[in-house]
Amino acid sequence: MAIKNDSEKITAIIKEALYRATKRDLPLTPFNYYKIFTEVALEYGLSEAELHKLLYGNVDIDSEELEELKKKVLDVATNVKDVTLNVEKTLVESSTKYDDTIKNISIHSSKVDDNLIEELEKIKYINTSLKSELEAARRVLEKQRKAIESIQELSKKDHLTGLYTRRYMNEVLDECLYNFKRYKSIFSIIMLDLDDFKKINDTYGHLAGDEVLRSIGSILLRNTRQTDVSIRYGGDEFIIILPETKLEDAVVVAKKLKNKLASITFKKGNVEFKCTASIGVTQVKEGDTLESLLERVDKALYETKKTKKGEISVVEGEDK
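Calculation rules
Residues numbered from 1 in each chain as written. Predicted model: local features only at pLDDT ≥ 70, side-chain atom pairs only at ≥ 80, totals over all residues. Heavy atoms only, no water. Helix = DSSP H or I, 4+ residues; strand = E, 2+ residues; numbered from the N terminus. Buried < 20%, exposed > 50% of the residue type's maximum accessible area, 1.4 Å probe, protein only. Contact = heavy atoms within 4.5 Å. Areas by Shrake-Rupley, 256 points an atom, 1.4 Å probe, with all protein chains shown as cover. Axes fitted to C-alpha atoms, helices over the stretch in contact; angles between N-to-C directions. Parallel < 35°, antiparallel > 145°, perpendicular 65-115°, else oblique. Left-handed = near helix turned anticlockwise from the far one by under 90°. Nonpolar A, V, L, I, M, F, W, Y, C, P; charged D, E, K, R; others polar. Pairing = 2+ DSSP bridges. Right-handed = clockwise from strand over helix to strand, strands pointing away. Phe/Tyr/Trp six-rings, centres within 6.5 Å; stacked < 30°, edge-to-face > 60°. Lys NZ or Arg CZ within 6 Å of the ring centre and 35° of its normal.

A.B. asks: Quick one: what's the story with the overall build of the protein, residue by residue and with numbers?
C.D. replies: Counting its regular elements, the protein contains 10 helices and 8 strands. A buried classification covers 38% of the 320 residues belonging to the protein. Long-range pairs, those at least 24 residues apart, make up 66% of the contacts in the protein between residues at least 6 apart in sequence. Carbon and sulfur atoms form 53% of the exposed surface of the protein, whose accessible area is close to 19,400 Å².

Quick look at the structure:
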């Protein structure tokens, strides 16, 4: 059957992904669905950029932020170019003056008089001027370095929640796994999924849903350490990476986050509503890879959603 447009292509991909999940007898957890959907989408010829947009929409940077980033990049390029040209010009001028001075000293070497002293003073002045120019260049370049860091930070953030993106999560987990293998640095992860979030969107509208997501972002940022990394994993799914944290301590954090969210009352007009979250927690163990770690915490979350929605399930860091 020929696929006529993007809508039909997406429908076909979803159907095929669901078919494969059923055939393989896989539970449709976020992690499993992501893997199967990605597998099918790539077979249908979607690029990684198109796939990312399908799964998350524009969660990294919205259009206004993108324009701001473009402006910053242009400013960086322009200022760095100006600094480079100014420094090169100063160096050329200083080199020429220095050569002329040395030449004059050689010609009049038999007369160590005021002329020689004057030429030496020129060299001193040139060196002072050059030092001042280079110091100014360093200050400008430091500003550009900070601007570039700001751009890099924005590119890692989800514009709605203020949390890090899934792409950045992979970098952090790779580093945590490396530190665990080399230095035995224990870490844990929490996976959090909002309960019946689709119902909230359908009942109260997407603006209300966005407000819930923003609140989640704020709760995670306010109730975790600076060393913890909070991530928007998908639409209404979140992950918190807790370096140097054992399983029992991660469970304490998970309970705190669950209770904080449950205590909030959201409003849509005169109507009030609540939102709860199901949570999975696990700790790194020997032989873990990024995929095995995510699969384990994903399984814990799936058990919570299936048996005790709104609660916490824990998967031990060591095999039983």
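A.B. asks: Residues and numbers for unusual backbone geometry, please.
C.D. replies: Despite not being glycine, Lys-184 shows a phi value in the positive range, around 60°. Along the chain, the position of Lys-184 falls in the loop between helix H6 (166–183) and strand S2 (187–194).

A.B. asks: How would you explain the packing of helix H8 (residues 206–222) against helix H9 (residues 247–262) if you had to name every residue and give the values?
C.D. replies: Closest axis-to-axis distance for the H8/H9 pair is 10 Å, and the angle between their directions is 140°. When the interaxial angle is binned, H8 and H9 end up oblique. Here H8 runs over H9; the crossing is right-handed. Judged by residue contacts, Ile-216, Ile-219 and Leu-220 of H8 engage Leu-257, Lys-260 and Leu-261 from H9.

A.B. asks: I'd like to hear about the packing of H6 against helix H10 (residues 290–307), residue by residue, with values.
C.D. replies: The contact between H6 and H10 brings their axes to 10 Å, and the two run at 105°. Of the possible angle classes, the one that applies to H6 and H10 is roughly perpendicular. Contacts between H6 and H10 involve Met-169, Asn-170, Leu-173, Asp-174 and Leu-177 from the first element and Leu-290, Leu-293 and Leu-294 from the second. In the contact of H6 with H10, the residues fall into 6 nonpolar, 1 polar and 1 charged.

A.B. asks: If you had to explain the environment of Val-271 to someone new, which residues and values would you point to?
C.D. replies: Tracing the sequence through the fold places Val-271 in strand S6 (residues 271–273). Overall, the relative accessible area of 40% leaves Val-271 in the partly exposed class. Among all residues touching Val-271, those that are not within four sequence positions of it are Tyr-204 and Phe-266.

A.B. asks: An account of the pairing of strand S8 (residues 312–315) is needed here, citing residue identities and associated values.
C.D. replies: Summarising the sheet, strand S7 (residues 277–283) and S8 pair through 4 bridges and their orientation is parallel. What sits directly across from Ile-279, in S8, is Ile-312. After leaving S7, the chain enters H10 and then returns to the sheet as S8, a path that is left-handed.

A.B. asks: How would you explain the sheet that holds strand S4 (residues 237–243) if you had to name every residue and give the values?
C.D. replies: With mixed pairing, 6 strands are arranged side by side in an open sheet as S1-S3-S4-S2-S7-S8. The open sheet has two free edges, formed respectively by strand S1 (164–165) and S8, since each of these has just one partner strand. The sheet contact formed by strand S3 (residues 229–232) and S4 spans 4 bridges and is antiparallel. Counted as the bridge partner of Ser-230 is Ile-240 from S4. Sheet strands in contact with H10 are S2, S4, S7 and S8, and its direction is about 145° off that of S7.

A.B. asks: Go over the packing of aromatic side chains, please, and point to the residues and values.
C.D. replies: Counted by the stated rule, this structure contains 3 aromatic pairs. Each ring, one from Phe-266 and one from Phe-273, has its centre 5.6 Å from the other, and the planes form 25°; the classification is stacked. By relative accessible area, which is 7% here, Phe-273 ends up buried. Clustering of aromatic rings is evident, with ring pairs tying together Tyr-204, Phe-266 and Phe-273. Positioned above the aromatic ring of Tyr-164, the side-chain terminus of Lys-157 is 5.0 Å from the ring centre. Geometry around Tyr-233 places Arg-166 over its ring, the cationic atom sitting 4.0 Å from the centre.

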